[in-house]
Amino acid sequence: MAKQYEVVVIGSGPAGYVAAIRCAQLGLKTACIEKWLNKKNQTVYGGTCLNVGCIPSKALLDSSHKYLEAQQHLDVHGIKVTKVAMDVALMIARKDKIVGQLTQGIKGLFSANKVDGIGGTARIVAANKVLVTDAEGAEQELTADKIIIAAGSVPTDIPPTPVDGDTIVDSTGALEFQETPKRLGVIGAGIIGLELGSVWARLGSEVTVLEALDEFLPAVDRQLAKEALKMLTRQGLNIKLGARVTGSKLGKGARKTVAVEFTTADGEQKAQFDKLIVAVGRRPYTDALIDDAVGIELDDHGFIKVDDQCVTNIANIYAVGDVVRGPMLAHKGMEEGVMVAERLLDKKTQVNYALVPSVIYTHPEIAWVGKNEEELKAENVEYNVGSFPFAINGRALAANDSEGMVKLLADASTDRILGCHIIGPSAADLLQQLVIAMEFSASAEDIGLTMFSHPALSEAVHEAALAVNGHAIHIGNRRKRK
Ligand code: FAD
Ligand code: AMP
């Protein structure tokens, strides 16, 4: 007989596991189905984020940053380091250990919250029926009052560079190199391409990033994107804009190289790499997930169609995370998971899509929320700009980490903060102060009147807010814009 649940969640990435835990906390009998298997063929929870996304990439970014610090930036502190060497295999093993610890943690959270974690591939066969096939091929049917789809996304491939998992890899393969490639090509200067390119550039790869668009980081405030391009180029990333990859040819022999063809304004070009990372975006993953008879609608890009509350066109089926519209970010999916769980209990929870923070974890980090200058101009909004450079922030100078700036945009008549853009040390954490402030509709003056600890990086946020209204104490710039 089919096992009965009030809620069945498909997928245990950040959107799915958070939705499942919140449902169970609210007293609903909940199962979460996950098909991900580790190298030992055991079910692992946590999805892309924990296994091959946010966490492993940050582990490698942190390891490679420490290596670079030890190699190049400790002498200014008077620390003499004579021999710095990198054991790539050990770095990868450390990353795997962190992944293991966190994925195990989700298992613990499931049992603490009484979520039934079920290993297997789920298929929705009717509006309240899910068929689960485990790794051995055994099937079980679950009935569910409500189904939450959180099946996530997978890397996109492009025909010119088919991934072979060895010389040509996607983001997952780029987290597994056992040695530093001498010449590394990266296709795509998006967040993932820049983060992974940075890891291997710090460890000594000659990195070339091929980006089809002429504009660098089009979603980022132009001033910050320009700064970021300069900084990353100084760090050794050879970023070629307007370079569309059109073909590739693998070499012969045990250690294959790859010849990549691309076109630029100057015509056809070629480059030879030892490894090539294809980082051209991700697509929603709905392969073999829903029987046609169920009638769930997808949009033109393959995302499951949902309304603002993540309800699909079938009233008892919801979808959250990367499989639906909006930025493909773990925290966006988590909040959608919470919203759906709480709405099942008739709470009025909403996700504020206007305030989804974005971060690029290069060094320095690039983080932003709300509107940028280009968007405000396009919307004809009058605004004031306050900015403050880390170069005169005491804490940043003490840490020898003082590149970048904080930039705040506020409505010219109400002073309400409309956007915050930071490139600099700990930008992700600094930005969060503004995300909270903006959730409460704060004005720049509110931030200016708040006391900040001294010395702290967040004083740059304080000064930028003061600068919006021309009150910055330690310089800071104010601009009026229409
Ligand atoms: P996923 O995490 O993709 O999880 C979906 C799960 O569903 C998977 O485990 C999958 O196996 C399972 N599943 C799918 N179909 C079925 C089925 N039929 N039956 C059973 N199980 C199924 N985001 C950030 O916010 N910050 C970052 O720093 C960041 N860094 C990233 C770095 C990299 C290299 C990558 C690739 C991504 C990064 N992301 C980051 C994006 C982030 O990982 C995703 O936005 C997030 O994982 C999406 O969560 P999700 O729960 O929607 O889907
Ligand atoms: P994102 O979607 O942010 O992960 O970024 C992926 C990037 O890859 C985008 O900026 C695309 O313009 C870029 N891209 C996609 N296809 C190609 C290609 N054939 N050659 C070079 N860049 C590409």
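Residues numbered from 1 in each chain as written. Chains lettered and ligands numbered in written order. Predicted model: local features only at pLDDT ≥ 70, side-chain atom pairs only at ≥ 80, totals over all residues. Heavy atoms only, no water.

Engineer: Can you help me understand the domain arrangement of the protein chain in this one?
Structural biologist: Domain parsing of the protein chain yields domain 1 (3-155 + 283-353), domain 2 (168-280) and domain 3 (364-481). For domain 1 and domain 2, the distance between their C-alpha centroids amounts to 28 Å. Taken together, the contact pairs 19 residues of domain 1 with 16 residues of domain 2. Summed over both partners, the interface of domain 1 with domain 2 buries about 1500 Å², with 66% contributed by carbon and sulfur atoms. By the criterion of area lost to domain 2, the three top residues of domain 1 are Val52, Leu61 and Val88, representing 29% of everything that side buries. Remark: the boundary between domain 1 and domain 2 carries 2 salt bridges. A salt bridge links Glu176 to Lys95, with the nearest nitrogen and oxygen atoms 2.8 Å apart. The tally of links from domain 1 across to domain 2 stands at 5 residue pairs in polar contact (both at pLDDT 80 or more). (Domains from an automatic or database assignment. Contact = heavy atoms within 4.5 Å. Buried area = accessible area lost by both parts, 1.4 Å probe. Salt bridge = Lys/Arg side-chain N within 4 Å of Asp/Glu carboxyl O. Polar contact = N/O pair within 3.5 Å; in protein donor to acceptor, adjacent residues only side chain to side chain.)

Engineer: Help me out: how do you make sense of the pairing of strand β13 (residues 258-264) in this one?
Structural biologist: If a strand is regular, its side chains alternate between the two faces of the sheet. Burial runs high along β13: 5 of the 7 residues are buried. Examined bridge by bridge, strand β12 (residues 244-250) and β13 share 6 bridges and lie antiparallel to one another. Note that in β13 the partner of Leu250 across the bridge is Val258. Between β13 and strand β14 (residues 267-273), which follow one another and run antiparallel, lie 2 residues. (Buried < 20%, exposed > 50% of the residue type's maximum accessible area, 1.4 Å probe, protein only. Helix = DSSP H or I, 4+ residues; strand = E, 2+ residues; numbered from the N terminus. Pairing = 2+ DSSP bridges.)

Engineer: Honestly, the site of ligand 1 in this entry has me stumped. Any pointers?
Structural biologist: With respect to spatial proximity, 38 residues lie near ligand 1, and among them Glu34, Thr48, Lys58, Ala122 and Ala330 are the closest. Here an oxygen atom of ligand 1 sits 2.6 Å away from a polar atom, N or O, in the side chain of Glu34. In this structure, Ser153 approaches ligand 1 through a main-chain N or O atom, which is 3.5 Å from an oxygen atom. Its free accessible area being 1000 Å², ligand 1 has 95% of it covered by the protein chains. Those elements giving two or more residues to the shell around ligand 1 turn out to be α1 (14-25), β2 (30-34), α2 (47-52), α3 (54-73), β4 (121-126) and α7 (330-344). Ranked by residues supplied to the shell around ligand 1, first place goes to α2 with 4 residues. (Near = heavy atom within 4 Å. Areas by Shrake-Rupley, 256 points an atom, 1.4 Å probe, with all protein chains shown as cover.)

Engineer: How should I be thinking about the packing of aromatic side chains in this particular structure?
Structural biologist: In this description, an aromatic ring pair is defined by two values, namely the gap between the centres and the angle between the planes. Counting across every chain of the model gives 2 aromatic pairs. Ring centres of Tyr45 and Phe110 lie 5.1 Å apart, and the angle between their planes is 65 degrees; this geometry places the pair in the edge-to-face category. Placement of Tyr45 in the loop between β2 and α2 and of Phe110 in helix α4 (residues 88-113) is noted, with a sequence separation of 65 residues between them. With respect to class, Tyr45 is no different from Phe110; both count as buried. Between Phe177 and Trp200 the ring centres are 5.2 Å apart and the planes differ by 50 degrees, which places this aromatic pair in the tilted class. Taken as a pair, Phe177 in the loop between β8 (168-169) and β9 (183-187) and Trp200 in helix α5 (residues 191-202) lie far apart in primary sequence, 23 residues in all. (Phe/Tyr/Trp six-rings, centres within 6.5 Å; stacked < 30°, edge-to-face > 60°.)

Engineer: Please clarify how the sheet that holds β12 should be interpreted in this entry.
Structural biologist: Pairing between the strands of a sheet is mediated by backbone hydrogen bonds and can be parallel or antiparallel. Reading across from one edge, β12-β13-β14 is the order of the 3 strands in this open sheet, with antiparallel pairing throughout. With partners counted over all chains shown, the strands left at the sheet margins are β12 and β14, one partner each. When strand polarity is set aside, the average angle formed by the axes of neighbouring strands in this sheet is 25 degrees. Of the strand pairs in this sheet, β13 and β14 are connected by 7 bridges, and their pairing is antiparallel. Its bridge partner lying in β14, Ala259 is registered against Gln272. (Axes fitted to C-alpha atoms, helices over the stretch in contact; angles between N-to-C directions.)

Engineer: What exactly am I supposed to notice about the sheet that holds β8 here?
Structural biologist: What the 5 strands build is an open sheet, ordered β8-β15-β9-β10-β11; its pairing is parallel. The sheet terminates laterally at β8 and β11 (237-241), the two strands that pair on one side only. The sheet contact formed by β9 and strand β15 (residues 275-278) spans 4 bridges and is parallel. Looking at β15, one finds that Ile187 is bridged to Val278. Its contacts with the sheet put α5 on β9, β10 (206-211), β11 and β15, and the angle it makes with β11 is roughly 150 degrees.

Engineer: What is the right way to read the site of ligand 2 from this model?
Structural biologist: Around ligand 2, the structure places 14 residues, and the nearest of them are Gly188, Glu211, Ala212, Ala243 and Val245. In the model, an oxygen atom of ligand 2 is placed 2.6 Å from a nitrogen or oxygen of the Glu211 side chain. Against a free-state accessible area of 510 Å², the protein chains account for coverage of 73% of ligand 2. Secondary structure elements with two or more residues in the shell around ligand 2: β10 and β12. Among the residues making up the shell around ligand 2, the classes are represented as 9 nonpolar, 3 polar and 2 charged. (Nonpolar A, V, L, I, M, F, W, Y, C, P; charged D, E, K, R; others polar.)

Engineer: It is not clear to me how α7 should be interpreted in this structure. Could you clarify?
Structural biologist: An α-helical segment advances 3.6 residues per turn. Residues three or four places apart therefore align on the same side. Over its 15 residues, α7 extends 22 Å from the first C-alpha to the last, a length consistent with the 21 Å expected when each residue adds 1.5 Å. Of all 15 residues making up α7, 11 are buried, and the element is well covered by its neighbours. Within α7, burial applies to Ala330, Lys332, Gly333, Glu336, Gly337, Val338, Met339, Val340, Ala341, Glu342 and Leu344. Looking at the buried side of α7, the elements it contacts are β1 (3-10), α1, α2, α3, β6 (139-149) and β17 (317-319). Immediately beyond the C-terminal end of α7, within one or two residues, lies Asp346, with a positive phi of roughly 65 degrees. (Expected span 1.5 Å × (residues − 1).)

Engineer: Looking at this structure, how should I read the side chain of Glu211?
Structural biologist: Structurally, Glu211 can be placed in strand β10. It turns out Glu211 is buried and unbridged, and the closest side chain with the opposite charge, Arg244, is 6.9 Å from it. A distance of 2.8 Å separates a polar atom in the side chain of Glu211 from the backbone nitrogen of Ala189. Beyond its immediate sequence surroundings of up to four residues, Glu211 is in contact with Gly188, Ala189, Gly190, Lys240, Leu241, Gly242 and Ala243. (Lys, Arg positive; Asp, Glu negative; His and termini not counted.)

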